[in-house]
Amino acid sequence: MALAATQTSGITTNEHGNEEVQVVEFIIGDDKFAVNLFDVKEIVEASKITPLPHAPAYIRGIIDLRGEITTIVDLRKLLRITKGNSIDTEDLRFIVLDESVTDGKTGVVVDEVTSVLTVNVNDIDQHSHGAGDDSHILGVIKKDIGEKGESKKELVIWVDMSGLIRETGGVALS
């Protein structure tokens, strides 16, 4: 029952031979997004953010996370999400990214983290998200919702966090 994983995509093969990926599902505004579980170090409750003068608009500031300075990126601005209002900092969550994804200690601010999902690769539409090759959308996850017997699907946008952070030039403070 061992899972074989590839480091780049996080895709594993289960005991039935089906390819799966694990993602962290979160909400920004009115929409659901996901990021590869292997890109996430931890999820923490929001704390006071200290703004950085002359930082790009998508950098909300820095926090002290257990003695280490961590840059906080506003994913809403980075993804250009305009609908929905940003809620108070005390209600937000930080997804702290693995350092293999970024140049330094980095977290992204999201409205809410909902779950960790294991998704069958066949339930991910990697072609119809309408963006070009430079898109940081890996696909659209079609998640079953509702009671048994109903065939309702909820769409979750799977974001390439590593590519998105790389495109910004990284967020290291050094």
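Residues numbered from 1 in each chain as written. Predicted model: local features only at pLDDT ≥ 70, side-chain atom pairs only at ≥ 80, totals over all residues. Heavy atoms only, no water.

A. Structural detail: the nonpolar core. Among the nonpolar cores identified, the biggest contains 21 residues, and F26, L75, I95 and M161 are the most heavily contacted of them. For this core, the elements supplying multiple residues, two or more each, are β3 (19-28), β4 (31-36), α1 (75-78), β8 (93-97), β9 (106-110) and α2 (161-167). When near neighbours in sequence (up to four residues on either side) are disregarded, F26 contacts D31, K32, F33, A34, V35, L75, I95, V110, E112, V113 and T114. I49, I63, V96 and V109 belong to the second largest nonpolar core, which has ten residues in total. (Core = buried A, V, L, I, M, F, W, Y, C linked by side-chain atoms within 4.5 Å. Buried < 20%, exposed > 50% of the residue type's maximum accessible area, 1.4 Å probe, protein only. Helix = DSSP H or I, 4+ residues; strand = E, 2+ residues; numbered from the N terminus. Contact = heavy atoms within 4.5 Å.)

B. Representation of the confidence of the model for the chain in the model. Mean pLDDT over the chain: 81, with 80% of residues reaching 70 or higher. Considering only residues more than four positions removed or in separate chains, one finds that residues 1-8, a stretch of pLDDT under 50, has eleven contacts. (pLDDT = per-residue confidence, 0-100.)

C. Seen up close, the environment of D31. Checked against the element boundaries, D31 lands in strand β4. Overall, D31 belongs to the partly exposed group, its relative accessible area being 24%. Between the alpha carbons of D31 and I81 there is a distance of 9.4 Å; along the sequence they are 50 residues apart. Contacts of D31, omitting those with residues within four sequence positions, involve F26 and K83.

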